[in-house]
Amino acid sequence: MPTMDADLLALLTTLKVAGLTTLILLIIGTPLAWFLAKMNSRFKVIIEAIVALPLILPPTVLGFYLLLAFSPQYLPGQLWQQATGQQLAFSFSAIIIGSVLYSLPFVVQPLQKAFEQLGDNLLEAGAVLGAGPIDGFFHIVLPLTKASFITAASLGFAHTVGEFGVVLMIGGNIPGETRVLSIALFDHVEAFNYTKAHLLAGGLLIGSMILLALIYLINYTPKQVRR
Amino acid sequence: MSTLTLNLICKLDNFTLKINQSLDLNGITGIYGHSGCGKSTLLRIIAGLNNHAVGQLSFNSVTLQNSTLPNNTVPNNTFPHNKSHHDNNLKNKAIFIPPQKRNFSLVFQDNRLFPHLNVRENLIFAAKRCNNSQLKLDDVIKLTRLSPLANKPVTTLSGGEQQRVALARAILAEPKLLLLDEPLSALDQKSKTNILQLLKQIQKQLNIPMLYVSHSLDELQQIADNLMVLSQGEVINFGAIHQVIHQLNYQSASQTNNQADNQANYQQTSLSLPIKMDKEHALNNHGLATLCMDDGQEIYLPSQIMPSQIIPSQLLPSKSLHETINNKADNKVENEAENTKLTLRCFILASDISLCKTASNNSSIVNHLVGVISKIRITDHNVLVTINCAEQEFFASISSFSLDRLALKPEQTIYMQFKASAVRTFIY
């Protein structure tokens, strides 16, 4: 039974990492996407490229640089150590930061696209009726881009669940802290423990399938028949 | 009476919008100009949706925008674009009341209803954000005839219905000034007529000053009390509607090479005359109604263009709305007086009026008016004759051939003839 507990622990860690990452991504990704959608400057493409980088970069590359940055020899790691008294590399916080960076485009891009598509017209209409920017965001933008928020959150969550390289590089393999499902699976395969590997791999496959189907179901609107 | 004071410069693509004008907003003020003359931009500046403009804007001596002009004497073409842009952003911080705090409603050309809300919810959106609301939602729904549509999604409505919702929504914000940006341009003729009638009614009942932007002189002629004419970003005319339209007659005559002008402004006589009620019934047998000039001369016109048939009685205000309004409006007496004395706005094209040196009574033409020639303007082979008749200017365009043959001169007494069907309104 203790091995079963280890896998369950890995599942819990994974859900914790993915859930927290998604929450952070929505909080920082929404203003970033809004800013990019409204930005009218050449620097926009640079920021967009940086945001999109994790889409094409091998996760190990990102992981490698983050590992260096998080180590106590470099400034970010040093500052973290001074502030919290703990090492940043190989910690739960490290994989959260890594996951946020790694899944950023999956949240920012759908939101940016939705904001761009919505345009300023309805916000202007709201403004002349007395709705300021915050009011307008919550009562005009949010309801009209709800589907994109669901997509962004689900993609961010699913992508975080599926990450491997970044976590391996910066998180190590500490049970209950940084040992997530994909790493547990890797361990089972290395140990030729295919039964357990099947359980995890199959579980991830079906779970992801269900999650994606749910997203598409929520976003599905029957085609309106013109009368 | 509300006053809007503008002293603004806004650089546009092809020219600079330069307005230095104080507008006494009484009733409906039309802003007329051809497409791309800057009239919509002006409206957006007033609403607070344009932050590129520099200058002063105030409403009833409350400053809405105050950013110093970079240099009043800078000519249009050397206006430093990038620099001014930068300056604007810095200087606008001086005073710039954001649109949501101005309490001006704006009805857009493309209605801009909130698609996630139904008709009633769209209206509630506005009513909820109105600070000390006096109007009741249901009264406005009744006034704008939206009751059967109240629970429908806005996306299923027709263009005319959507624009009525937009209008109702704008009213429910209870604005100090209602801005209308070509609200009829996307509508068919019948919906246009409906909305125009509705606007007039709203104006009369709620007494909200309105700024109405349009490139259609027809529309403005039916609805506006005052008219401001914009050309290339500058005010070229401002005054009472009929006067300004008559001034445009000369302007279009002197600009015959300008095709756009020629197409849009027909030379015309624009009138606002009381309808003679007592005689109406007698003549109705022939389908004609009568308008009365100041000196007792009469103008006959087809009775089907009379407003009585366009405003059915059920559109008249519900009692509670009327009470609210009368509390607000200080001209209750005037309203009542206006109800008993209906006036009709109409126009007669200069090309539809013929001139005659003697009175003729053996013609099928029913309208014969006598007046005095005050002005003769010759452009190429077209002659625009201005005739003064009972303190009212009439315009007739004749050929230079006729001018020579009749030997017309200013101060001469002349008979004008035009058919009843030459008297037109925008309302069909």
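See the structure above.
This structure is a prediction, so every number in the text was calculated from the model and none was measured.

Caption draft 1: Geometry of the overall build of chain B. Counting its secondary structure elements, chain B contains 13 helices and 21 strands. Considering only residue pairs separated by 6 or more positions, chain B has 70% of its internal contacts joining residues 24 or more positions apart.

Caption draft 2: Highlighting the packing of helix H10 (residues 181-190) of chain A against helix H11 (residues 194-219) of chain A. Residue and element names in this part refer to chain A. In the contact formed by H10 and H11, the axes pass within 8 Å of each other and the chain directions differ by 150°. The orientation of H10 relative to H11 falls into the category roughly antiparallel. By crossing handedness, the relation of H10 to H11 is classed as left-handed. Where H10 abuts H11, its residues Leu181, Ala184, Leu185, His188 and Val189 lie against Tyr194, Lys196, Ala197, Leu200, Ala201 and Leu204. Taken together, the residues of the contact of H10 with H11 break down into nine nonpolar, one polar and one charged.

Caption draft 3: Broad picture of the nonpolar core. Within the largest apolar cluster, 122 residues are counted, with the highest numbers of intra-cluster contacts made by B:Leu4, B:Ile46, B:Leu167 and B:Leu211. When residues of this core are assigned to their parent elements, the largest contribution, twelve residues, is made by helix H5 (residues 92-118) of chain A. Not counting chain neighbours up to four residues away, the residues in contact with B:Leu167 comprise B:Val107, B:Leu178, B:Leu180, B:Ile195, B:Leu198, B:Leu199 and B:Ile202. B:Leu355, B:Ile387, B:Ala396 and B:Val423 belong to the second largest nonpolar core, which has 30 residues in total.

Caption draft 4: Just the interface of chain A and chain B, in detail. Between chain A and chain B, the contact holds 17 residues from the first and 21 residues from the second. Summing both partners gives a buried area of about 1600 Å² for chain A against chain B, and 66% of it is carried by carbon and sulfur. When residues of chain A are sorted by the area they lose upon contact with chain B, A:Glu124, A:Val128 and A:Leu129 head the list and together hold 42% of the total. Between the two partners, chain A and chain B, sit three salt bridges. For B:Arg129, the salt bridge is made with A:Asp135, and the minimal N-O distance between the two is 2.7 Å. Connecting chain A to chain B are seven residue pairs in polar contact (both at pLDDT 80 or more). For the side of chain A that touches chain B, the secondary structure elements donating two or more residues are helix H6 (121-128) and helix H7 (133-144) of chain A. When residues of the side of chain A that touches chain B are assigned to their parent elements, the largest contribution, seven residues, is made by H6(A).

Caption draft 5: Structural detail: unusual backbone geometry. All names here are of chain B. Phi at glutamate 174 takes a positive value of approximately 45°, unusual for a residue other than glycine. With respect to the helices and strands, the residue glutamate 174 is situated in the loop between helix H5 (159-172) and strand S8 (177-181). In this model, glutamine 232 sits at a positive phi of 50°, which is unusual for a non-glycine residue. Checked against the element boundaries, glutamine 232 lands in the loop between strand S10 (226-231) and strand S11 (234-240).

Caption draft 6: Structural detail: the pairing of strand S9 (residues 210-214) of chain B. Residue and element names in this part refer to chain B. Here S9 lies mainly inside the structure; five of its five residues are buried. Neither face of S9 is exposed, since Met210, Tyr212 and Ser214 on one face and Leu211 and Val213 on the opposite face are all buried. In this structure, strand S3 (residues 28-32) lies alongside S9, joined through five bridges in parallel fashion. Across the sheet, residue glycine 30 finds its bridge partner in S9, namely tyrosine 212.

Caption draft 7: Examining the sheet that holds strand S21 (residues 423-424) of chain B more closely. The strand order across the open sheet formed by three strands is S12-S15-S21 (chain B), and the pairing between neighbours is antiparallel. Because the sheet does not close on itself, it has two edges, and the strands there are strand S12 (268-274) and S21 of chain B.

Caption draft 8: Representation of the environment of B:Asn118 in the model. All names here are of chain B. Within the element layout of this structure, asparagine 118 appears in the loop between strand S7 (104-107) and helix H3 (119-128). On the basis of relative accessibility, which here comes to 16%, the residue asparagine 118 falls in the buried class. Setting aside chain neighbours within four positions, we find asparagine 118 in contact with Ala150, Asn151, Lys152, Pro153 and Val154. Polar side-chain contacts of asparagine 118 include one of 3.1 Å to the backbone nitrogen of arginine 120.

Caption draft 9: Representation of the packing of aromatic side chains. In the structure shown here, the tally under the stated rule is ten aromatic pairs over all chains. With 5.0 Å between their ring centres and 75° between their planes, B:Phe59 and B:Phe104 make a pair best called edge-to-face. Here B:Phe59, found in strand S4 (residues 54-59), pairs with B:Phe104, found in strand S7; they are 45 residues apart in sequence, far enough to count as distant. An aromatic cluster is defined as three or more aromatic residues linked by ring pairs; in this entry it consists of A:Trp34, A:Phe115, A:Phe137, A:Phe138 and A:Phe149.

Caption draft 10: Molecular detail of the sheet that holds strand S17 (residues 367-379) of chain B. Residue and element names in this part refer to chain B. Read from one edge to the other, the open sheet built from five strands follows the order S16-S20-S17-S18-S19, with strand pairing classed as antiparallel. A strand with exactly one partner marks an edge of an open sheet, and here the two such strands are strand S16 (354-356) and strand S19 (392-399). Going across the sheet, the axis of each strand differs from the next one's by a mean of 45°, ignoring polarity. Note that S16 and strand S20 (residues 413-418) share three bridges and pair antiparallel. For cysteine 356, the partnering residue across the bridge sits in S20 and is tyrosine 415.

Cut-offs used in this document
Residues numbered from 1 in each chain as written. Chains lettered and ligands numbered in written order. Predicted model: local features only at pLDDT ≥ 70, side-chain atom pairs only at ≥ 80, totals over all residues. Heavy atoms only, no water. Helix = DSSP H or I, 4+ residues; strand = E, 2+ residues; numbered from the N terminus. Contact = heavy atoms within 4.5 Å. Axes fitted to C-alpha atoms, helices over the stretch in contact; angles between N-to-C directions. Parallel < 35°, antiparallel > 145°, perpendicular 65-115°, else oblique. Left-handed = near helix turned anticlockwise from the far one by under 90°. Nonpolar A, V, L, I, M, F, W, Y, C, P; charged D, E, K, R; others polar. Core = buried A, V, L, I, M, F, W, Y, C linked by side-chain atoms within 4.5 Å. Buried < 20%, exposed > 50% of the residue type's maximum accessible area, 1.4 Å probe, protein only. Buried area = accessible area lost by both parts, 1.4 Å probe. Salt bridge = Lys/Arg side-chain N within 4 Å of Asp/Glu carboxyl O. Polar contact = N/O pair within 3.5 Å; in protein donor to acceptor, adjacent residues only side chain to side chain. Pairing = 2+ DSSP bridges. Phe/Tyr/Trp six-rings, centres within 6.5 Å; stacked < 30°, edge-to-face > 60°.

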